[in-house]
Every structure is written in C-alpha cells, then in structure tokens.
Amino acid sequence: MSIAMRPLVERIVQTYGLPLDGCHGIAHWARVLDIGQRLADTTEADRDVVTLFALFHDACRENEGHDPEHGQRGAELAVELRGEYFELSDQQFSRLVQACQGHTCQRHHADITVQTCWDSDRLDLGRVGVYPNRYFLNTEVAKRDETIRWAHSRAAFMMIPEWLPERWGVPIPILAKS
Ligand SMILES: [Fe+2]
Ligand SMILES: [Fe+2]
C-alpha cells in the first residue's frame, strides 16, 4: 500500500466536526491503530486495512453519542480520498468499506480483517468507562484476558501514543486535556 500518513491525517482532521481531543477523536484513532496492529500479529489481518479503519471509522461522526450513520459516512469519505491519499486493491478496499459501515451496527463478521478492525475499536471502550465485553469481540486474541487488560489500561487513562505527534503531525498540547 502507499499511504502518506501525515497528509491523510491532516485531510481527515480538516473536516472532522467534533473536538479533536474528544472521546472519538485522534487519540482514540491512534489507540485503535495500535490495538489493531497488535491483534494483527496474531490474526494476520491486512495491516493496511486495519490502519485505514482506525483513521476513517469515526472520522465523520456528527456527535459523541447516538450517530448510527457515521460508519457509512466514514466509508464514503474513504471512497472520496482513495487514489489521492492512499491506494488499496479492490479487495482490500471492500474490506475497509465493510469494516467502516458495519462497525456501528454489526457484532460479528466472517472476514478476519474486518473482525480485527472491529475488535480494535471495541477494545478501546475504556475511554468512556466501559470494560470490553467478550460477547462483542470476534477474534480469539482479542478475547484473551491479557489483551483486554492491556487495551483497557491504555483506554481508561486516555493514553496518547508517543508516536502520534511526529507520525501524524498533531502536537501533544492540542491533545492534552488541562
Ligand atoms: Fe464509531
Ligand atoms: Fe471508534
């Protein structure tokens, strides 16, 4: 895949309509990316799809609460930016679209990459005080105690991955809550 991460993040941030440091904002996207990559070590999910899911899945939220169409809108944004900001094969892109569309309303999926995407998002629920429920997880590795504990401790403390400022070009002061 070819993704220039900084221009893509910059573009997504430009039209993100909610506070960047909110509970669906950029630190959540970054933790979802870290979780997805960790899960992919075991699931062998497509890492490019997992990365792009982290960026797009909540990119078009219109509020921090009930917003059932935001997955569909995130998928539409990915359609718009494909080719200009990133390249994926048709098969990869179909998985990305299914992962974005379904993450709001579906629990389980047959494809391991889509499963890994959804688990990466659901393992970050600690940021809103919710401990991940295995029933809503798909992959065996995500359901392990050690995985849930690792992800939950980062989520509960709203951890900002240290690589974020440099790799995505967003300074920590913008993210750090006072
Ligand atoms: Fe979402
Ligand atoms: Fe999310």
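The rules behind each value
Here the residue numbers are simple positions, counted from 1 along each chain's written sequence. Note on labels: chains are lettered from A, ligands numbered from 1, in written order. Selection of residues for local features in this predicted model requires a pLDDT of at least 70, selection of side-chain atom pairs for listing and counting requires 80 or more, and totals for whole chains, interfaces and linings are taken over all residues. Computation of side-chain values: all heavy atoms of the structure, hydrogens and water removed. Each axis is a line fitted through C-alpha atoms, taken for helices only over the stretch in contact, and angles between the N-to-C directions span 0 to 180 degrees. Helical segments are the DSSP runs of H or I of at least four residues, strand segments are the runs of E of at least two, and each set is numbered from the N terminus. Throughout, the term roughly parallel applies to angles under 35 degrees, roughly antiparallel to angles over 145, roughly perpendicular to angles from 65 to 115, and oblique to all others. By definition, any crossing whose near helix is turned counterclockwise from its far helix by less than a right angle is left-handed, and any crossing with a clockwise turn is right-handed. Should any heavy atoms of two residues lie within 4.5 Å, those residues are considered in contact. Gly falls in the polar group here, along with every residue not listed as nonpolar (Ala, Val, Leu, Ile, Met, Phe, Trp, Tyr, Cys, Pro) or charged (Asp, Glu, Lys, Arg). By definition here, a salt bridge exists when the distance from a side-chain nitrogen of Lys or Arg to a carboxyl oxygen of Asp or Glu is within 4 Å. Per-residue accessibility, obtained with a 1.4 Å probe over protein chains only, is compared with the maximum for each type, and a residue is labelled buried under 20%, exposed over 50%, and partly exposed between these values. Working definition: rings of Phe, Tyr and Trp (its six-membered ring) pair if their centres are within 6.5 Å, and the pair is stacked with planes under 30 degrees apart, edge-to-face with planes over 60 apart, and tilted otherwise. A ring is scored as having a charge over it whenever the NZ atom of a lysine or the CZ atom of an arginine sits within 6 Å of its centre and within 35 degrees of its normal.

Time to look at the packing of helix H2 (residues 26-43) against helix H8 (residues 145-156). For the pair H2 and H8, interaxial distance at closest approach is 11 Å and the crossing angle is 165 degrees. The angle between H2 and H8 falls in the class roughly antiparallel. Relative to H8, H2 is oriented so that their crossing is right-handed. Each of Arg31, Asp34, Ile35, Arg38 and Leu39 in H2 lies in contact with H8, whose residues at this interface are Glu146, Thr147, Trp150, Ala151, Arg154 and Ala155. Class assignment of the residues belonging to the contact of H2 with H8 gives a composition of five nonpolar, one polar and five charged.

What follows is about the pattern of salt bridges. This model, assessed by the stated rule, comprises 12 salt bridges. One salt bridge in this structure joins Arg31 and Asp124, with 2.7 Å as the shortest N-O distance. Within this pair, whereas Arg31 is found in helix H2, its partner Asp124 is found in the loop between helix H6 (112-122) and helix H7 (140-143), the two being separated by 93 residues in sequence. Residue Arg31 shares its accessibility class with Asp124, and that shared class is buried. We note a salt bridge from Asp41 to Arg47, for which the minimum N-O separation is 2.6 Å.

Summed over the entire model, instances satisfying the criterion amount to five aromatic pairs. With a centroid separation of 5.2 Å and an interplanar angle of 85 degrees, the aromatic rings of Tyr16 and Trp29 are classed as edge-to-face. On the criterion of sequence distance, the pair formed by Tyr16 in the loop between helix H1 (5-15) and H2 and Trp29 in helix H2 is long-range, its members being 13 residues apart. Per residue, the accessibility class of Tyr16 equals that of Trp29, and both read buried. Ring geometry for Tyr135 and Phe136: centres 5.3 Å apart, planes at 75 degrees, overall edge-to-face. The class of Tyr135 is partly exposed, set by a relative accessible area of 48%. Grouped by ring-pair contacts, the aromatic residues Phe56, Phe86 and Phe93 constitute a single cluster. The ring of Phe93 has Arg82 lying over it, and the distance from NZ or CZ to the ring centre is 4.4 Å. Taking the ring centre of Trp163 as reference, the NZ or CZ of Arg167 above it sits at 4.4 Å.

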